[in-house]
Amino acid sequence: MGSQGGFYQSKEFLDLVKSIGEARSKAEEDRIVLHEIDTLKRRISEPDIPKRKMKEYIIRLVYIEMLGHDASFGYIHAVKMTHDDSLLVKRTGYLAVTLFLNEDHDLIILIVNTIQKDLKSDNYLVVCAALNAVCKLINEETIPAVLPQVVELLAHPKEAVRKKAIMALHRFYQKSPSSVSHLISNFRKRLCDNDPGVMGATLCPLFDLITLDVNSYKDLVNSFVSILKQVAERRLSKAYDYHQMPAPFIQIKLLKILALLGSGDKQASENMYTVLGDIFRKCDSSSNIGNAVFYECICCVSSIYPNPRLLDSAADVISRFLKSDSHNLKYMGIDALGRLIKISPEIAEQHQLAVIDCLEDPDDTLKRKTFELLYKMTKSTNVDVIVDRMIDYMISINDNHYKTEIASRCVELAEQFAPSNQWFIQTMNKVFEHAGDLVNIKVAHNLMRLIAEGFGEDDDNADSKLRSSAVESYLRILGEPNLPSVFLQVICWVLGEYGTADGMFSASDITGKLCDVAEAYSSDETVKAYAVTALMKTYAFEIAAGRKVDMLPECQSLMEELLASHSTDLQQRAYELQAVIGLDAHAVEGIMPSDASCEDIEVDKGLSFLNGYIQEAIEKGAQPYISENERSGVLNMGNFRNQDHHEPSHGLRFEAYELPKPVVQSRIPQALLPSTEIVPVPEPMYPRETYQTPVPSNSSSAGSAELKLRLDGVQKKWGRPTYTPETSTSSSTSQKTVNGAAQVEGATTLNSTRETYASRKPQVEISHEKQKLAASLFGGSSKLEKRPATGHKVSKASSHVVEKSHVPKSSKEVASEKTAPAQPPPDLLDLGEPTDTSTVPSLDPFRQLEGLLDTTQVASAANGATAASRSPDVTALYADTPPVGIHNMGDADLLSGLSNPSVTNMPGATAKPQLTQSSGKGPNPKDSLEKDALVRQMDMCGQRDCHINMIQPYGIGGGLKIQERAETLVLCSI
């Protein structure tokens, strides 16, 4: 480098590099760098620094940033260097800012104008430096500022500029596809560029485009094949060779593209067969880059429509990979073999000993890749060997991420290819024991479902043996410390359901073990909840069998502790346990039948069994149940919304408020209009104990004695519309199952004379143990076999749900779904005039007030109103005595009649008897307020709640049965 420091760098900078390289510790290195930062801060702020010195300072700042220290104090000086006219200084500045800044940095705005100017420069080196900065610094917001200049550079006479322009457009596409969507055709044009470098750069954006939409680029298959053929025949200049391989990176990218275009397309694949065969024959395997081209060619062959000769050539290459001493080549061979066995499974049998060697290799990466291969090769004849190997490897590693992956694969293989249920349970126990809480909770539910359903046949003896073996194994496992929480949940559930079923273990043994579990894992509330429920099951089964229950002292202390627990779930389970122990055998058998975890549980959400009791109470004078919305006056928010379906569902209204409409003269005779004075009247006496509907009286006789308000001239804008239940429309969604699995025609594999793995070293005798393992892994039929998970029978609960889902609807329900309009959401910001609706007439609150204060106006208004505009009487909801015929109505009819008064107002509808008074004097204000308060008090103790409380013994038992059976059903569901 000479006395000048090489590349015109000072000796001071070279000494800095030397001292950092000779540092003996990180602390010494940091001390040197911090001293250099202090020096640069002082020198870089000096005025009139020469360009050569400033360039060196910027390079030293880059070196400091590379070592992980902050050099942000010099960023602005690097930005200033990009404005310099000197080519060397400008390129140094661009290099520094691309290393210092990111696309979201605040200083980017200072570089955009410089980039725009440099993209138009006559010096192509300046243009290339600007394009390099564009790829690194331009973000989505600044793309439009430089996009026109970059597109113009696609036609630049220099190939280096065209190549970098393609790379810049590719970067723009990655950041914001919509910004360059109209420029996609430029990539097709540049594919035919005279320069191979520009063509090779175009392959990268085309690969991304083809990945997203293959069909739009099927017409380019012949072009890609032609390019690949020319490259393979060495028609490019020697400048593109790498280790005597002709343009290997262009070949790899073309093979990736052809693999996408030929997948599932026989016609396109046939055009590729010739050039792929030429690559297999001409490619050199003596270098790493040649092996990389071989590997990519195998991936392409495994993706396109299969060809027997190409599969044989790929198998030969895989054989060479697996015989190599290089771990990298073995890794490639295992990965390529995993791709080919999807098409031709018998290929794996030819390399079984090589696979065994990779499985026992000390290289952990190679071993993991081999387990992935075995996972793809698993079938019912070798599942036990493969899963055992996987579990042994899972025990030996400490990586939780990979341990989770291995555990999930073991579970999946055991569920698909389990030879027997006993083997499945033992395998799951090993997985739970060694993988811990890394196992998915669904695996625990599947295991409990298997134990509950048994073999799926009507062999009760075999099912009993399965459950007995599970109970025995779990009692033995409970002695081990630090069991996972999910595994403990499974153990508690199995002991509670089947711990005493076969009589091998007494109730005291099972309950003692469960109490030990609850005490040992007291911090885990879920495990304690499962243990308490298992205790309740055990005691319930003992009581139902007529045996005397002697609660152990530890169980008694556990129950007393949980009765005062802060957890409401544990407290409720403890109270349920206490209640079950106090019941007789018949009640307990009805609440918790034995071995009923897979039976259906029908829950009557409407409590229809109380209908007779409620009807009897109504006949005796009790008030019918009124929903909370009707009692509290909460309105359906859809009534505030305009019924016009074409209006947007939300948004602000910008039109001006409507002018107030002129006052309409009242149709009430002038003689009946109230005076402007408020005349006090004596307070009438109202009986408080009777709840009879007041008899209508002459409205004109008492009109002068009531309070009167002058309401004419008041604009009626605000008020509460009537309650109308929201009609729901149900739309049925149809699912279409598409069988997208295309059946590949069976391609006959030609018998080729290739050397096997065993013939490589004929003098070495293969051990009997390794031969036995190979026979276990690769023996039997070569076809992939799959069987149902474990041959379990379909649970009754799932079939019951399916049957219920196909119940046909009645004609009334279908008609109501067709005719009921969908209520649009309310526009809460619409403060304009209420528009007229065609479904529900709005209720005038002032007319209601007039009905309460002036009965003469109500009478005259009722006589003059038409049937189409008649408003429903809200006070009918609080009538004391129902009219004749109400006892024959159901609860649903009664509530629908009360809550949907608009039905009687529909045009063409026959008038039905209403619960209100058709004429005469309206209800007194005080009486109405008292009745309203009475109905609101009913909110605290509704009619149905009172009935449920009156049958408390049934409620406790039924609640226990519903909760416990529902919990069991959820745990055992698929």
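Since this is a predicted model, take the numbers as computed values, not measurements.

## Side note on the overall build of the protein
A tally of regular secondary structure across the protein gives 42 helices and 2 strands. Counting across all 974 residues of the protein, residues that qualify as buried make up 41%. Considering only intrachain contacts with a sequence separation of at least 6, the fraction spanning at least 24 residues in the protein is 73%. As displayed, the protein offers around 54300 Å² of accessible surface, 53% of which is attributable to carbon and sulfur atoms.

## Looking at the confidence of the model for the protein
Detail in the predicted coordinates should be disregarded across regions flagged by low pLDDT. Here the protein averages 74 in pLDDT, while 65% of its residues score no lower than 70. Looking over the protein, one finds the lowest element-wise mean pLDDT in helix α42 (residues 952–971), namely 38, and the highest in helix α13 (residues 248–262), namely 96. A low-confidence stretch, residues 848–921 (pLDDT under 50), is modelled with 99 contacts involving residues beyond four sequence positions or located in other chains. With pLDDT under 50 throughout, residues 940–974 is counted as low confidence; its partners more than four residues away or in other chains account for 66 contacts.

## Regarding the pattern of salt bridges
Scanning the entire structure with this criterion turns up 30 salt bridges. Here arginine 235 and glutamate 233 are joined by a salt bridge, their closest N and O atoms 2.9 Å apart. Of the charged contacts in the structure, one is a salt bridge between lysine 620 and glutamate 616, with a shortest N-O distance of 3.4 Å. Judged by its relative accessible area of 41%, glutamate 616 is partly exposed. Counted as one network, the salt bridges with shared partners bring together Glu12, Glu36, Arg43, Glu56 and Arg60.

## Thoughts on the packing of helix α19 (residues 352–359) against helix α34 (residues 768–778)
The geometry of α19 relative to α34 is characterised by a closest axis approach of 10 Å and an angle of 110 degrees between their N-to-C directions. Classed by the angle they form, the pair α19 and α34 counts as roughly perpendicular. Side by side, α19 and α34 meet where Gln352, Leu353, Val355, Ile356 and Asp357 of the first sit next to Lys770, Leu773, Ala774, Leu777 and Phe778 of the second.

## Observations regarding the side chain of glutamate 29
With respect to the helices and strands, the residue glutamate 29 is situated in helix α2 (residues 26–44). Every residue in contact with glutamate 29, bar those within four places of it in the chain, is listed here: Ile20, Ala23 and Leu67.

## Some details on helix α24 (residues 441–453)
Helical geometry note: an α-helix holds 3.6 residues per turn, so side chains three or four residues apart project in the same direction. Helix length check: α24 (13 residues) gives 19 Å between terminal C-alpha atoms against 18 Å at 1.5 Å per residue, within 8%. Extensive coverage of α24 is indicated by the burial of 11 of its 13 residues. With a side-chain oxygen positioned 3.2 Å from the backbone nitrogen of lysine 442, the residue opening α24 is asparagine 440.

## Overview of the packing of aromatic side chains
The relative placement of two aromatic rings is captured by the distance of their centres and the angle of their planes. Applying the stated criterion across every chain, the model contains 9 aromatic pairs. Note on phenylalanine 280 and phenylalanine 294: the rings are 6.3 Å apart at their centroids and 20 degrees apart in plane angle, and the pair reads as stacked. A residue pair is termed long-range when its members are at least 10 positions apart, and phenylalanine 280 in helix α15 (residues 273–282) and phenylalanine 294 in helix α16 (residues 288–303) qualify at 14 residues. An identical accessibility class is assigned to phenylalanine 280 and phenylalanine 294; each is buried. Counting every residue linked through ring pairs, the aromatic cluster contains Phe371, Tyr393 and Tyr402. Of note, lysine 158 hangs over the ring of tyrosine 124, and the distance from its end group to the ring centre comes to 4.9 Å. Lying over the aromatic face of phenylalanine 294, arginine 320 brings its terminal NZ or CZ to 5.5 Å of the ring centre.

## Remarks on the side chain of histidine 156
Along the polypeptide, histidine 156 turns up in the loop between α8 (143–152) and α9 (159–175). Here the side chain of histidine 156 touches lysine 158 through a polar contact of 3.1 Å, landing on its backbone nitrogen. Aside from chain neighbours lying at most four places away, what touches histidine 156 is Tyr124, Val161 and Arg162.

## Describing the nonpolar core
By size, the foremost hydrophobic cluster in this structure holds 217 residues, and its most contacted members are Leu101, Phe172, Phe224, Leu276 and Tyr474. The element best represented in this core is helix α28 (residues 525–544), accounting for 11 residues. If sequence neighbours within four positions are ignored, phenylalanine 224 has contacts with Leu191, Leu203, Leu206, Ile210, Leu254, Ile257, Leu258 and Leu261.

## What about the environment of valine 126?
Here valine 126 lies in helix α7 (residues 124–137). Here valine 126 falls in the buried class, since its relative accessible area comes to 8%. If near-sequence neighbours (up to four positions away) are discounted, valine 126 is found in contact with Leu87, Lys90, Asp118 and Ser121.

## Notes on a negative patch on the surface
A surface patch of like charges, here negative, comprises Asp516, Glu519, Glu554 and Glu561. Of all the secondary-structure elements, those providing two or more residues to the negative patch are α27 (507–520) and α29 (553–563). Take glutamate 519: it is sitting in helix α27. Residue class for glutamate 519 comes out exposed when judged on its relative accessible area of 60%.

## Re α29
Within the sequence span of α29, burial applies to Cys555, Leu558, Met559, Leu562 and Leu563. Projected down its long axis, α29 carries its buried residues within an arc of 135 degrees, all on one side. Those residues of α29 hidden inside the fold are in contact with α27, α28 and α30 (568–581).

## Points about the environment of proline 484
Tracing the backbone through its elements, the reader meets proline 484 in the loop between α25 (460–477) and α26 (485–498). The class for proline 484 is buried, based on a relative accessible area of 8%. Note: C-alpha distance between proline 484 and alanine 435 (49 residues apart in sequence) is 8.4 Å. If we ignore the near neighbours within four places in the chain, the residues touching proline 484 are Phe432, Glu433, Gly436 and Asp437.

## Things to note about the packing of α16 against helix α17 (residues 308–323)
α17 packs onto α16 with a crossing angle of 140 degrees between their chain directions and a minimal axis gap of 10 Å. With respect to α17, the element α16 is oriented oblique. Crossing handedness for the pair α16 and α17: left-handed. Residues Asn291, Phe294, Ile298 and Val301 of α16 form the contact with α17, whose participating residues are Leu310, Leu311, Ala314, Val317, Ile318, Arg320 and Phe321. By residue class, the composition of the contact of α16 with α17 is 9 nonpolar, 1 polar and 1 charged.

Reading the values: rules and limits
- Residues numbered from 1 in each chain as written.
- Predicted model: local features only at pLDDT ≥ 70, side-chain atom pairs only at ≥ 80, totals over all residues.
- Heavy atoms only, no water.
- Helix = DSSP H or I, 4+ residues; strand = E, 2+ residues; numbered from the N terminus.
- Buried < 20%, exposed > 50% of the residue type's maximum accessible area, 1.4 Å probe, protein only.
- Contact = heavy atoms within 4.5 Å.
- Areas by Shrake-Rupley, 256 points an atom, 1.4 Å probe, with all protein chains shown as cover.
- pLDDT = per-residue confidence, 0-100.
- Salt bridge = Lys/Arg side-chain N within 4 Å of Asp/Glu carboxyl O.
- Axes fitted to C-alpha atoms, helices over the stretch in contact; angles between N-to-C directions.
- Parallel < 35°, antiparallel > 145°, perpendicular 65-115°, else oblique.
- Expected span 1.5 Å × (residues − 1).
- Polar contact = N/O pair within 3.5 Å; in protein donor to acceptor, adjacent residues only side chain to side chain.
- Phe/Tyr/Trp six-rings, centres within 6.5 Å; stacked < 30°, edge-to-face > 60°.
- Lys NZ or Arg CZ within 6 Å of the ring centre and 35° of its normal.
- Core = buried A, V, L, I, M, F, W, Y, C linked by side-chain atoms within 4.5 Å.
- Patch = residues over 30% accessible without salt bridge, like charges linked within 9 Å, V, L, I, M, F, W, Y side chains within 5 Å.
- Lys, Arg positive; Asp, Glu negative; His and termini not counted.
- Charge placed at Lys NZ, Arg CZ, Asp CG, Glu CD.
- Arc of directions from axis to C-beta.
- Left-handed = near helix turned anticlockwise from the far one by under 90°.
- Nonpolar A, V, L, I, M, F, W, Y, C, P; charged D, E, K, R; others polar.

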